[in-house]
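Each chain, letter by letter, is given below.
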Amino acid sequence: MIEPLQGMGATLRQNIEDLTARQRQDAERAPLSDKVADRITRFTGSMTFVVLHLILFGVWISVNLGVLPVLPRFDPTFVALAMVASVEAIFLSTFVLISQNRMAVAADRRADLDLHVSLLAEHELTKLAVLVERIGDKLGVPTDDPELKEIQTDVEPVQVLDALDESRKEKGIE
């Protein structure tokens, strides 16, 4: 069997290991309420949950329709079944929302990390472009390309966000 990290650079392997360890730490540090909500959400999103409900509701309906005379009818109008299903739906949707909120926080953290790494890479590339131009000047290589001048300017993220917001407003997106 081929090792999944085999063939990758050492830095990439280390990054994957570090991020995996951090995810494990975050999961261990999560409050008990989040862990419980995640487990319930994971279970309720499984085929086991579906099968259990098919059996439970199937038996409930069959007994109360008189198809299964093993038990006496206990909910002939199905009012209790409707109430149980409604209460269950309320709790399940709450657990799902709790889990989604936690996932949204994690996604926001990843997006922030991605943005910061991208901004750092952009800044470093800008500095490299300036250095390459200086080397080109020393070697007599023409460096009067307008695109080269453009990439030698650091991106201002707040200015980009403002421009994106303005563009969305003009298009009626926001």
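Please refer to the structure placed before this passage.
Just so you know, the residues in each chain are numbered from 1, in the order the chain's sequence is written. Where totals are concerned, whole chains, interfaces and linings use all residues; where local detail is concerned, this predicted model gives features only for residues with pLDDT of at least 70, and gives and counts side-chain atom pairs only at 80 or more. Side-chain measures here rest on the full set of heavy atoms in the structure, leaving out hydrogens and waters.

Caption draft 1: Focus on the pattern of salt bridges. Any carboxyl oxygen of Asp or Glu within 4 Å of a side-chain nitrogen of Lys or Arg constitutes a salt bridge here. The tally for this structure, following the rule as stated, stands at five salt bridges. For Asp38, the salt bridge is made with Arg102, and the minimal N-O distance between the two is 2.5 Å. Placement of the pair is Asp38 in helix 2 (residues 32–44) and Arg102 in helix 4 (residues 79–139), with a sequence separation of 64 residues. Taking the shortest distance from any N to any O, the salt bridge between Arg168 and Asp165 comes out at 3.6 Å. Within this pair, Arg168 and its partner Asp165 are both found in helix 6 (residues 157–171), separated by three residues, close to a single helical turn. Within the structure, one salt-bridge network assembled from shared partners comprises Arg22, Asp26 and Arg109. Every helix listed is a DSSP run of H or I at least four residues long, and every strand listed is a run of E at least two residues long, numbered separately from the N terminus.

Caption draft 2: Focus on the packing of helix 3 (residues 47–65) against helix 4. The axes are straight lines fitted to the C-alpha atoms, using for helices just the contacting stretch, and the angles between their N-to-C directions are given from 0 to 180°. Interaxial distance between helix 3 and helix 4 falls to 11 Å at its minimum, and their mutual angle equals 160 degrees. Taken together, helix 3 and helix 4 sit at an angle that is classed as roughly antiparallel. Crossing handedness for the pair helix 3 and helix 4: right-handed. Side by side, helix 3 and helix 4 meet where Phe49, His53, Phe57, Trp60 and Ile61 of the first sit next to Ala80, Leu81, Val84, Glu88 and Leu92 of the second. As a working rule, the residues Ala, Val, Leu, Ile, Met, Phe, Trp, Tyr, Cys and Pro are called nonpolar, Asp, Glu, Lys and Arg charged, and the rest polar, with Gly in that last group. Split into classes, the residues belonging to the contact of helix 3 with helix 4 amount to eight nonpolar, one polar and one charged. Note on terminology: angles under 35 degrees are roughly parallel, angles over 145 are roughly antiparallel, angles of 65 to 115 are roughly perpendicular, and the others are oblique. Working rule for handedness: look at the near helix, and if it is turned counterclockwise from the far one by less than a right angle, call the crossing left-handed; if clockwise, right-handed. The criterion used for residue contact is that any of the two residues' heavy atoms lie within 4.5 Å.

Caption draft 3: Just a nonpolar patch on the surface, in detail. Patch members must show over 30% relative accessible area and no salt bridge, and they are joined within 9 Å when carrying like charges or within 5 Å when they are nonpolar side chains of Val, Leu, Ile, Met, Phe, Trp or Tyr. For every accessible area listed, the method is Shrake-Rupley and the probe measures 1.4 Å; residues are considered covered only by the protein chains on display. Together, Met47, Val50, Val51, Leu54, Ile55, Val59, Leu68, Val70, Leu71 and Phe74 give the surface a local cluster of nonpolar side chains, amounting to about 950 Å² of exposed area. The topology assignment puts Phe74 in the loop between helix 3 and helix 4.

Caption draft 4: Representation of the packing of helix 2 against helix 4 within the structure. The contact between helix 2 and helix 4 brings their axes to 9 Å, and the two run at 115 degrees. The handedness of the crossing between helix 2 and helix 4 is left-handed. For the pair helix 2 and helix 4, the contacting residues are Asp34, Ala37, Asp38, Ile40, Thr41 and Thr44 in the first and Leu92, Phe95, Val96, Ile98, Ser99 and Arg102 in the second. In terms of residue class, the contact of helix 2 with helix 4 is made up of six nonpolar, three polar and three charged.

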